[in-house]
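Residues per chain, in single letters:
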Amino acid sequence: MRIATWNVNSVKPRLPRLLPWLDQRRPDVVCLQELKLTEFAFDNLIGPDLTERGYEFAAYGQSQWNGVAIVSRVGLDNVERGFSGMPGFPEPEARAISADCGGIRIHSLYVPNGREPDSDHYRYKLDWLAALRDVVAAGPSDVTLCGDMNIAPTDADVFDPAAYVGHTHVTEPERAALAGFGQIGLRDVVRDHWPTARMFSYWDYRAGMFHQDLGMRIDLILASQPVEARVRAAWIDREARKGKAPSDHAPVIIDLDSAPDGDIGPVVPPPSAPRPTRGRPVRLPQAK
DNA sequence: ATGACTGGATAGTCCAGA
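Values in this document were obtained by computation on a predicted structure and should not be read as measured data.

Cut-offs used in this document
- Residues numbered from 1 in each chain as written.
- Chains lettered and ligands numbered in written order.
- Predicted model: local features only at pLDDT ≥ 70, side-chain atom pairs only at ≥ 80, totals over all residues.
- Heavy atoms only, no water.
- Near = heavy atom within 4 Å.
- Polar contact = N/O pair within 3.5 Å; in protein donor to acceptor, adjacent residues only side chain to side chain.
- Nonpolar A, V, L, I, M, F, W, Y, C, P; charged D, E, K, R; others polar.
- Helix = DSSP H or I, 4+ residues; strand = E, 2+ residues; numbered from the N terminus.
- Expected span 1.5 Å × (residues − 1).
- Buried < 20%, exposed > 50% of the residue type's maximum accessible area, 1.4 Å probe, protein only.
- Contact = heavy atoms within 4.5 Å.
- Core = buried A, V, L, I, M, F, W, Y, C linked by side-chain atoms within 4.5 Å.
- Disulfide = S-S within 2.5 Å.
- Axes fitted to C-alpha atoms, helices over the stretch in contact; angles between N-to-C directions.
- Parallel < 35°, antiparallel > 145°, perpendicular 65-115°, else oblique.
- pLDDT = per-residue confidence, 0-100.
- UniProt positions renumbered as here; feature names shortened; annotations may be inferred.
- Pairing = 2+ DSSP bridges.

### Remarks on the protein's contact with DNA strand B
With respect to spatial proximity, 29 residues lie near DNA strand B, and among them S10, N113, H169, A207 and H211 are the closest. Of everything in DNA strand B that lies within 4 Å of the protein, sugar and phosphate atoms constitute 77%. In the environment of DNA strand B, a phosphate oxygen lies 2.2 Å from a nitrogen or oxygen atom belonging to the side chain of S10. The backbone of G243 places a nitrogen or oxygen atom 3.1 Å from a phosphate oxygen of DNA strand B. A per-class count over the surface near DNA strand B returns 9 nonpolar, 12 polar and 8 charged.

### Some words on helix α4 (residues 172-183)
Between the first and last C-alpha of α4 there are 16 Å, a value that for 12 residues agrees with the 16 Å anticipated at 1.5 Å per step. Those residues of α4 that sit buried are E174, R175, A177, L178, G180 and F181. Against the buried residues of α4 lie α3 (120-137), β8 (143-148), β9 (186-188) and β10 (219-224). Immediately beyond the C-terminal end of α4, within one or two residues, lies G185, with a positive phi of roughly 100°.

### Thoughts on the nonpolar core
Burial of nonpolar side chains together is a common tendency in soluble globular proteins. Judged by nonpolar contacts, the single largest core of 68 residues is most densely connected at I3, I70, I106, W128, L145, F159 and F181. When residues in this core are grouped by element, the largest group, 6 residues, is from α3. I3 has contacts with V29, I104, I106, C146, I221, V252, I253, I254 and L256, leaving out every residue within four places of it along the chain. Listed in part, the 23 residues of the second largest apolar core include V8, L15, L18 and W235.

### A short note on the state of the cysteines
In total, this model carries 0 disulfides according to the counting rule given. C101 forms no disulfide, and the closest cysteine sulfur to it belongs to C31, at a distance of 7.3 Å. Residue class for C101 comes out buried when judged on its relative accessible area of 0%. C31 provides the cysteine sulfur closest to C146, a residue in no disulfide bond, and the two sulfurs are 4.0 Å apart. For C146, a relative accessible area of 0% translates into the label buried.

### Points about the packing of α3 against α4
The interhelical angle for the contact between α3 and α4, taken along N-to-C directions, is 5°, at an axis separation of 10 Å. Relative to α4, α3 is oriented roughly parallel. Residues Y122, K125, L126, L129, L132, R133 and V136 of α3 lie in contact with α4, whose contacting residues are P173, E174, A177, G180, F181 and Q183.

### A short note on the confidence of the model for chain A
Mean pLDDT for chain A: 92, with 91% of residues reaching 70 or above. Low confidence marks residues 270-274, where pLDDT is under 50. Its contacts with residues over four positions away, or in another chain, come to 7 contacts.

### A closer look at the UniProt feature "binding site: Mg(2+)" (unreviewed entry) in chain A
The sites that carry the UniProt feature "binding site: Mg(2+)" (unreviewed entry) are, in the present numbering, N7, E34, D148, N150, D248 and H249. A maximum C-alpha distance of 13.1 Å places the annotated residues, which cover 243 residues in sequence, within one compact spot. Checked against the element boundaries, N7 lands in strand β1 (residues 2-7). Those residues in contact with N7, other than ones at most four positions away along the chain, are Q33, E34, Y110, D148, D219, S247 and H249.

### Regarding the sheet that holds strand β12 (residues 252-256)
In a beta sheet, neighbouring strands pair by backbone hydrogen bonds and run either parallel or antiparallel. Spatial strand order, β3-β4-β2-β1-β12-β11: 6 strands in an open sheet with mixed pairing. The open sheet is flanked by β3 (56-60) and β11 (231-236), the only strands paired with a single partner. Taking the axes of each pair of neighbouring strands and ignoring which way they run, one obtains an average angle of 10° across the sheet. Pairing of strand β2 (residues 29-33) with strand β4 (residues 68-72) involves 5 bridges; the strand directions are antiparallel. Bridge pairing links Q33 to V68 in β4. Along the sheet, helix α2 (residues 39-52) makes contact with β2, β3 and β4, crossing β3 at roughly 165°.

Laid out in structure tokens, this is it:
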């Protein structure tokens, strides 16, 4: 069984990338984030294309922002939009959906960004993660959290830790919130399989960041031990970030138990330590 | 070339993204 997660940065302009990618990689379960569509619009836009490919799907959407979905051809049961005790900002946002797919409780997650450390939105992010942890701890033993966690687990998951000082995604409280899932038995599957590789899943659209491979690994698949034990491959599909009109995030893919029937792609990332930045330190692109 | 922001809502720019 192949499970994938992809922050598509809006479904509508991404259709010319998403549908060919489904046909190429042939995932059994796909978790999508940043739909930027209502459920109704999602169903109308892409429903027939998914049905034609043998997928069931469930979305939790809203107009303009957020939105998550699960697409599955190995069953889609007990769908839950949001989760028990999920905080809002202040109203609930469409950032979490879960379902039973192929015997695993699968969560598609779009964790709040946090915006600025110590802001209201940052506290919302931490509260949201703490509430999610409680739900997962009380839930089924075969569970997988897939999505845009908006946290780089360690300094090895950003191109240059110095560039992120004072920013969200790398602060100790955020990393502690993420480590909370480790404390209830979940593992970072891709990092476990590539302990020293330079791997990113997000690159800013601006300033040629992708072309210089200056990114962050913030899209994660966290799996409980029974699921982790089944993993045969785990990788970031960097090819999907290339070319015309890409998302700014790449998909993350894991294979359980057996070889997939889809194109496996360039699974092996370069087994290198983080590259030293040549010349002047690279600054993050700044908003105007 | 992997190639130098994008998307949504809106009606001129502004917010959000990370």
